[in-house]
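Structural description and commentary
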Amino acid sequence: MPWVREILRCPVTGATLTDGTGPDGEPELHSTSRERPLAYPVREGIPVLLASDARQL
């Protein structure tokens, strides 16, 4: 369902999310916010959009 992916937003800033890779090589979603860029983990194919699990970019 590609349309679901298109409507996901950063829960902290509301910015759109793009595909990325974390320092450990695992997939992440990266916020496009210039003021507060965050990265959210993707675990077993499921984005974890919790502010407590996000890391600063």
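As the structure is a computational prediction, the values presented were derived from the model and not from experiment.

1. Re the environment of Glu 44
The residue Glu 44 is located in the loop between strand S3 (38–43) and strand S4 (46–47) in this model. Under the relative-accessibility criterion, Glu 44 is labelled exposed at 83%.

2. Let's talk about the nonpolar core
In terms of nonpolar packing, the biggest core is built from seven residues, these being Leu 8, Cys 10, Leu 17, Leu 29, Leu 38, Tyr 40 and Val 42. Ranked by residues supplied to this core, first place goes to S3 with three residues.

3. A short note on the pairing of strand S2 (residues 27–31)
Counting buried residues along S2, four of its five residues qualify, which places the element largely inside the surrounding structure. As defined by bridge partners, strand S1 (residues 17–21) adjoins S2 across five bridges and the pair is classed as antiparallel. When the bridges of S2 are listed, Thr 21 appears paired with Pro 27. The antiparallel hairpin formed by S1 and S2 contains five residues in its connecting segment, where Gly 25 sits at a positive phi of about 85°. Here S2 pairs with S3 via three bridges, running antiparallel. Within the sheet, the bridge partner assigned to Leu 29 lies in S3 and is Tyr 40. Here S2 folds back onto S3 in antiparallel fashion, the turn holding six residues.

Cut-offs used in this document
- Residues numbered from 1 in each chain as written.
- Predicted model: local features only at pLDDT ≥ 70, side-chain atom pairs only at ≥ 80, totals over all residues.
- Heavy atoms only, no water.
- Helix = DSSP H or I, 4+ residues; strand = E, 2+ residues; numbered from the N terminus.
- Buried < 20%, exposed > 50% of the residue type's maximum accessible area, 1.4 Å probe, protein only.
- Core = buried A, V, L, I, M, F, W, Y, C linked by side-chain atoms within 4.5 Å.
- Pairing = 2+ DSSP bridges.

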